[in-house]
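One-letter residues, chain by chain:
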Amino acid sequence: MAEQHRLSVQTRGRGTTEITGEIAAVVRQSAVGAGIAHVFVRHTSCGLLITENADADVRRDLETLLGRWAPDGDPAYRHDLEGDDDMAAHARSLLTGVELSVPFADGRLLLGTWQGIYLFEHRANGHRREIVVTLLG
């Protein structure tokens, strides 16, 4: 059995937006009893991650690390059509990934106590992002 849903998320610019609740709602309202929720973001300059949901400093520190690994405005970049953050956002997307899978059962995501699902916006300005959630069970 499979179901597919699309979600739209407006970001505020670079940083994380928690989407655990939206994904949990899809699972809760589903006719699929148990299985895997595959979550995919349809963009090349943002990503998805499961990380600490209790201390926001973890997510801020992750942004610091991404800034070191893929800095804005590196003169070696050739792709900068949309600004200094353009190529860096694409590189950060590769580092965070654009998909993840979470098991679920009895209408609940089977995340750990301190885990949350986040959309990680890698562009400096906010964007509307589309997420596809496929439930397989």
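(A) View of the pattern of salt bridges. Going through the model one piece at a time under the given rule, you end up with 10 salt bridges. The salt bridge partner of arginine 123 is glutamate 82, with a shortest N-O separation of 3.0 Å. Taken together, the positions of arginine 123 in the loop between β7 (115–121) and β8 (128–136) and glutamate 82 in the loop between α2 (56–69) and α3 (86–96) put the pair 41 residues apart, joining distant regions of the chain. The class of arginine 123 is buried, set by a relative accessible area of 6%. Of the charged contacts in the structure, one is a salt bridge between arginine 123 and aspartate 85, with a shortest N-O distance of 2.9 Å. Of this pair, arginine 123 sits in the loop between β7 and β8 while aspartate 85 sits in the loop between α2 and α3, and the two are 38 residues apart along the sequence. Note on aspartate 85: relative accessible area 9%, which makes it buried.

(B) Layout of the nonpolar core. Counting 22 residues, the largest nonpolar core has Ile19, Ile23, Leu109, Ile131 and Leu135 as its most contacted members. Elements represented by at least two residues in this core include exactly β1 (2–10), α1 (20–28), β3 (34–41), β4 (46–52), β5 (99–105), β7 and β8. Considering each element in turn, this core owes the most residues, four residues, to α1. Non-local contacts of isoleucine 19, meaning those with residues more than four positions away in its chain, are made with Val9, Leu48, Ile117, Tyr118, Leu119 and Ile131.

(C) View of the sheet that holds β4. Taken in spatial order, the three strands make up an open sheet running β2-β7-β4, and their pairing is antiparallel. Because the sheet does not close on itself, it has two edges, and the strands there are β2 (15–18) and β4. Mean inter-strand twist for the sheet, computed between neighbouring axes without regard to direction, equals 35°. Pairing of β4 with β7 involves seven bridges; the strand directions are antiparallel.

Quick notes on the rules
Residues numbered from 1 in each chain as written. Predicted model: local features only at pLDDT ≥ 70, side-chain atom pairs only at ≥ 80, totals over all residues. Heavy atoms only, no water. Salt bridge = Lys/Arg side-chain N within 4 Å of Asp/Glu carboxyl O. Helix = DSSP H or I, 4+ residues; strand = E, 2+ residues; numbered from the N terminus. Buried < 20%, exposed > 50% of the residue type's maximum accessible area, 1.4 Å probe, protein only. Core = buried A, V, L, I, M, F, W, Y, C linked by side-chain atoms within 4.5 Å. Contact = heavy atoms within 4.5 Å. Pairing = 2+ DSSP bridges. Axes fitted to C-alpha atoms, helices over the stretch in contact; angles between N-to-C directions.

Purely geometric numbers; function is a separate question.
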